[in-house]
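Descriptive analysis of the structure
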Amino acid sequence: MTLASGLVNNMDRLNNIIVGVDFSDFSGTALDQAIRMARWNQSDLHIMHVQDKLVVKKLSKAMGGSLEELSQNVLDATRQRIQESFLGESLEQRKESIVSVPSDTHERRRQDQRQIELKVEVVIGEPFREIMRQVRDVHADLLILGSNGMSDPRRGLGELAAQCVRKAPCRVMVVRKSQVEPFSDVLACVDFSDSSAGVVEQAIRVAGQDQARLHLAHMFMPPWDVLHYKSPTAAGSPDFQKQYRENLIGQLKKYLQKHEDDVRNLRVECRLVEGPRPVDGIIDYVQKNSVDLVLVGTRGKTGMKEKILGTLAERVVNHAPVSVLVLKHDT
């Protein structure tokens, strides 16, 4: 059994992936990553484009024609553009070969005969609402988006991507424009909350598939800097600090124990990042260690309600210069 196949068997395989496209360079890169993930998960891949209904209405008023006719023309033209811009020959061959396998999706998956089923969804509506509808309708396991559409990435995450990261009921991957290759260094941010086990599992799976180096890191503010600042107490002694750090490293390593077979052939680093602002520590770690994918969980130590990102995760997605995969607790 290869490492990749072992990971597929031991961890939950993605069945449905949605990737949003808007014809920007960012969405083109997001599609490249979506295709890679669909292939090694043997997932059904849903390519989705939403044309804003307000734009179509304004165009109809300006041209003085029928809104219904114009809407249909827009849909037809957009589907044609997707066909010309994004759908390569190899994917079309995979789509055609679906005829030879059982038509029932569940039966096909049960027999492990699944191939990539490529589906294109083009709609007119409110982009965020339509994407969320599609996520629910197909029971998406992963939503992949470019970090920005037409907005300037120097101003942070695009508005639509930010909304989806906050509220989508599934994993969300935000892909930066430059990330077109397999990942080489994968960072799992571990805060020892209920979401951390899932973050580590998914990080192992991605690192195993791409044969990337796996980083497990815990960001923390040293308690002796807060409670015993400049105080010559036992809690601030070098021995105590050493023991404290060793205990944290030990907790990090515990996440790897049940995945010994999966990480045996991986390069694994367990690190601590100290500082007053965890997000700054993450960004600094990413830059110093050439990390190109960060995995972070939601509902960590923040106590936020379900489907709402904690402050740390939100800031990481917004400010990290690399791709970020956000996992919701219990996904």
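Everything in this summary refers to the structure shown in the same document. In this text, all values refer to a predicted model and were calculated from it rather than measured experimentally.

1. Describing the nonpolar core
Counting 49 residues, the largest nonpolar core has Ile17, Leu45, Ile144, Met173, Val186 and Leu216 as its most contacted members. Looking at this core, the element that brings in the most residues is helix H2 (residues 25-41), giving seven residues. Leaving out residues up to four positions away in the same chain, Ile17 has contacts with Ala34, Met37, Ala38, Ser43, Asp44, Leu45, His46, Leu142 and Ile144. Of all hydrophobic cores here, the second largest spans 40 residues; its members include Met48, Val172, Ala217 and Val316.

2. So, the pattern of salt bridges
What the rule picks out here adds up to 13 salt bridges. The salt bridge partner of Glu121 is Arg133, with a shortest N-O separation of 3.5 Å. Here Glu121, found in strand S3 (residues 118-125), pairs with Arg133, found in helix H7 (residues 127-137); they are twelve residues apart in sequence, far enough to count as distant. Of the charged contacts in the structure, one is a salt bridge between Glu269 and Arg271, with a shortest N-O distance of 3.2 Å. Arg271 gets classed as partly exposed once you look at its relative accessible area, which sits at 30%.

3. Focus on the pairing of strand S9 (residues 293-297)
Within S9, five of the five residues are buried, which leaves it mostly tucked inside the rest of the structure. Here S9 shows a buried face lined by Leu293, Leu295 and Gly297 and a second buried face lined by Val294 and Val296. Where strand S6 (residues 185-189) and S9 come together, three bridges link them in parallel fashion. By the bridge assignment for S9, Ala188 is matched with Leu295.

4. Focus on the packing of helix H3 (residues 53-63) against helix H4 (residues 67-85)
Running from amino to carboxyl end, H3 crosses H4 at an angle of 120 degrees, the nearest separation of the two axes being 10 Å. Accordingly, the angle class assigned to the pair H3 and H4 is oblique. You can see that H3 and H4 cross each other, and the crossing is right-handed. When H3 is examined against H4, the residues Val56, Lys57, Leu59, Ser60 and Met63 are found in contact with a partner set consisting of Leu67, Leu70 and Ser71. Taken together, the residues of the contact of H3 with H4 break down into five nonpolar, two polar and one charged.

5. Focus on the sheet that holds strand S5 (residues 171-175)
On the basis of which strands lie adjacent, the open sheet formed by ten strands has the order S3-S2-S1-S4-S5-S10-S9-S6-S7-S8 and mixed pairing. Two strands close off the open sheet at either side, each with one partner strand: S3 and strand S8 (268-274). The sheet shows a mean angle of 20 degrees between the axes of neighbouring strands, taken without regard to direction. Bridge count for strand S1 (residues 16-20) against strand S2 (residues 44-52) is five bridges, and the pairing is parallel.

6. Some remarks on H4
The terminal C-alpha atoms of H4 lie 26 Å apart, and with 19 residues this matches the ideal 27 Å at 1.5 Å per residue to within 8%. Buried within H4 are the following residues: Leu70, Ser71, Val74, Leu75, Thr78 and Ile82. Each buried residue of H4 sits inside an arc of 140 degrees when the element is viewed along its axis, so together they form one side. Every exposed residue of H4 that faces more than 90 degrees away from the buried side is listed here: Glu69 and Glu84. In this fold, the buried residues of H4 make contact with S2, H3 and S3. The N-cap of H4, judged by a side-chain oxygen 3.4 Å from the amide nitrogen of Glu68 a few residues on, is Ser66.

7. Digging into the packing of aromatic side chains
As enumerated under the stated definition, the model contains three aromatic pairs in all. Relative to Tyr244, the ring of Phe220 has its centre 6.0 Å away and its plane inclined at 35 degrees; by these criteria the two rings are tilted. With Phe220 in strand S7 (residues 213-220) and Tyr244 in helix H11 (residues 238-254), this pair connects stretches of sequence that are 24 residues apart. For Tyr244, a relative accessible area of 28% gives the class partly exposed. Counting every residue linked through ring pairs, the aromatic cluster contains Phe220, Phe240 and Tyr244. Above the face of the Phe23 ring, Arg81 is positioned so that its terminal group lies 4.0 Å from the ring centre.

Calculation notes
Residues numbered from 1 in each chain as written. Predicted model: local features only at pLDDT ≥ 70, side-chain atom pairs only at ≥ 80, totals over all residues. Heavy atoms only, no water. Core = buried A, V, L, I, M, F, W, Y, C linked by side-chain atoms within 4.5 Å. Buried < 20%, exposed > 50% of the residue type's maximum accessible area, 1.4 Å probe, protein only. Helix = DSSP H or I, 4+ residues; strand = E, 2+ residues; numbered from the N terminus. Contact = heavy atoms within 4.5 Å. Salt bridge = Lys/Arg side-chain N within 4 Å of Asp/Glu carboxyl O. Pairing = 2+ DSSP bridges. Axes fitted to C-alpha atoms, helices over the stretch in contact; angles between N-to-C directions. Parallel < 35°, antiparallel > 145°, perpendicular 65-115°, else oblique. Left-handed = near helix turned anticlockwise from the far one by under 90°. Nonpolar A, V, L, I, M, F, W, Y, C, P; charged D, E, K, R; others polar. Expected span 1.5 Å × (residues − 1). Arc of directions from axis to C-beta. Polar contact = N/O pair within 3.5 Å; in protein donor to acceptor, adjacent residues only side chain to side chain. Phe/Tyr/Trp six-rings, centres within 6.5 Å; stacked < 30°, edge-to-face > 60°. Lys NZ or Arg CZ within 6 Å of the ring centre and 35° of its normal.

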